Amino acid sequence: DIGSDSDKVDIIKTKVFSGVYSGSQTKIYLHELHVQRGMNWKIVCGVCKESISDLDGFYILKSDINTKKIIIYAKFVDKNISNDSKCIIYRPNTGKCNKKMKLDAMKRNYVKIDNEKAKTYWEWFYEASSIQCIHKFRKGACRQLKMGMKCENGMRFRTYNVLSGSVLSVWKTIEKSLFRMNYDAKIQIVRLVTTSDKRVVGCLIPNSVLNVLETMLEEESKSTKILALQREIKSEEKTQIVPKSSRDEESPLKINKNKKKFMRSSSEASDCESDENSESDDDSDILSISSMNDE
């Protein structure tokens with residue numbers, strides 16, 4: 001999960017890639033997320049009031065020899081403490097941690113300090129983590145920053161890129177982008193809830209792969225749209241063009257209909273001629289009768 005209960009997750013911008021992927025029209029969404037996390041001194045003091053064990057308190061790393069100390073607050077879950085007992089860890093830069101720590105690991109790596117010293121270290125770390133990565137804070141330098149790359153490891157403000165939507169339809173494209181950038185780590189499936197109560201599930205895209213993947217998705221989106229348009233044009237041409245054989249040659253059924261129509265018209269014409277002949281015969285009879293009367 002990206003963002004705990006106390007973290008603020010906001011979608012800064014979303015880029016949509018639409019096209020025909022895997023034979024169907026679908027959309028892919030590339031979200032840029034901004035996560036604000038961490039705990040200031042006032043909030044952690046509120047957690048201190050809920051202490052149930054004498055071992056609860058502030059601890060610093062034993063390995064830190066500089067003045068900049070990595071400080072945590074440990075709160076044990078059970079009153080009956082043993083080496084297998086676990087505690088909840090709170091940090092100035094990341095807030096409440098999802099993973100609990102055992103007591104033996106705590107004793108091995110950390111040493112407890114009083115609250116007065118803890119306040120100085122806590123506020124120092126809290127402010128520095130808003131502008132510096134953990135490497136810069138502890139060692140004064142960061143390898144990725146020297147190489148001109150971005151490093152947000154351990155910072156209170158982090159930016160994530162999540163690809164959501166029909167991700168499986170472009171899974172091969174994701175693999176190609178990872179292979180091109182020689183990225184060996186596994187892709188993480190993440191879920192998150194924004195401050196506006198929007199739920200997003202998708203793939204976490206590393207910063208080193210982002211530009212390559214974005215370019216490949218844009219190219220695929222354009223090519224799929226062109227192919228879809230060409231198919232549409234071809235289908236329209238097929239419906240509009242009538243085959244020559246259907247224009248020049250008449251079907252047997254049509255010939256029979258025309259033949260019947262011709263025979264019907266011929267019979268009607270012959271009937272008309274017979275009627276005319278009968279009328280002419282009647283006229284001749286009338287003329288002959290009238291001539292006899294005259295005589």
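Residues numbered from 1 in each chain as written. Predicted model: local features only at pLDDT ≥ 70, side-chain atom pairs only at ≥ 80, totals over all residues. Heavy atoms only, no water.

*Asks:* Explanation requested: the pairing of strand 3 (residues 57–61) in the structure shown.
*Replies:* Within a regular beta strand, the side chains point alternately toward one face of the sheet and then the other, so they alternate between its two faces. For strand 3, a buried count of 5 out of 5 residues is recorded, marking the element as mostly surrounded by other parts of the structure. Where strand 3 and strand 4 (residues 71–76) come together, 4 bridges link them in antiparallel fashion. Each residue of the ladder has a partner; that of G57, found in strand 4, is A74. As judged from the 4 bridges shared by strand 3 and strand 8 (residues 110–113), these two strands associate in the antiparallel manner. Across the sheet, L61 pairs through a bridge with Y110, a residue of strand 8. (Buried < 20%, exposed > 50% of the residue type's maximum accessible area, 1.4 Å probe, protein only. Helix = DSSP H or I, 4+ residues; strand = E, 2+ residues; numbered from the N terminus. Pairing = 2+ DSSP bridges.)

*Asks:* How should the packing of aromatic side chains be read in this particular structure?
*Replies:* Both the distance between ring centres and the angle between the ring planes are used here to describe each pair of aromatic rings. The final tally for this structure, using the stated rule, is 5 aromatic pairs. Between the aromatic rings of W41 and F58, the centroid separation amounts to 5.3 Å while the plane-to-plane angle is 25 degrees, which identifies the pairing as stacked. Of this pair, W41 sits in helix 1 (residues 41–48) while F58 sits in strand 3, placing them 17 residues apart in sequence. As far as burial versus exposure is concerned, W41 and F58 are alike and both buried. (Phe/Tyr/Trp six-rings, centres within 6.5 Å; stacked < 30°, edge-to-face > 60°.)

*Asks:* I tried to follow helix 3 (residues 115–128) on my own but got confused; where do I start?
*Replies:* Because each turn of an α-helix spans 3.6 residues, side chains separated by three or four positions in sequence point in the same direction. The end-to-end C-alpha distance of helix 3, which contains 14 residues, comes to 20 Å, matching closely the 20 Å that a straight helix rising 1.5 Å per residue would cover. All of the buried residues along helix 3 are A118, W122, F125, Y126 and A128. Mapping the buried residues of helix 3 onto a view down its axis gives an arc of 165 degrees, with all of them on the same face. The inward-facing, buried residues of helix 3 abut helix 1, strand 3, strand 4, strand 5 (86–91), strand 8 and helix 4 (134–139). (Expected span 1.5 Å × (residues − 1). Arc of directions from axis to C-beta. Contact = heavy atoms within 4.5 Å.)

*Asks:* How do you make sense of the nonpolar core when you look at a structure like this?
*Replies:* What tends to happen in soluble globular proteins is that the nonpolar side chains get buried as a cluster. Counting residues in hydrophobic clusters, the biggest one holds 31 residues, and the most contacted among them are F58, I71, I89, M106 and W122. Listing elements by their share of this core, those giving two or more residues are helix 1, strand 3, strand 4, strand 5, helix 2 (103–109), strand 8, helix 3 and helix 4. Take this core: its biggest share by element is 5 residues, from strand 4. Among all residues touching I89, those that are not within four sequence positions of it are I72, Y73, A74, G95, K96, C97, M101 and M106. In this structure, L30, L163, C203 and L213 belong to the second largest nonpolar core, which totals 15 residues. (Core = buried A, V, L, I, M, F, W, Y, C linked by side-chain atoms within 4.5 Å.)

*Asks:* Looking at this structure, I do not really get the pattern of salt bridges. What am I missing?
*Replies:* Where charged atoms of side chains with opposite charge meet at close range, the side chains can pair. Scanning the entire structure with this criterion turns up 6 salt bridges. Among the salt bridges present, the one from K13 reaches E32, with a minimum N-O distance of 3.7 Å. Placement of K13 in strand 1 (residues 8–21) and of E32 in strand 2 (residues 24–36) is noted, with a sequence separation of 19 residues between them. Judged by relative accessible area, which is 22%, E32 ranks as partly exposed. One salt bridge connects K15 with E214, and the closest N-O pair in it is separated by 2.8 Å. With K15 in strand 1 and E214 in helix 7 (residues 207–240), this residue pair connects regions lying 199 residues apart in the sequence. Taking the relative accessible area as the measure of exposure, K15 reaches 31% and is therefore partly exposed. Three or more residues joined by partner-sharing salt bridges are found here, namely K15, E214 and E218. (Salt bridge = Lys/Arg side-chain N within 4 Å of Asp/Glu carboxyl O.)

Any link to function would need more than the numbers given here.
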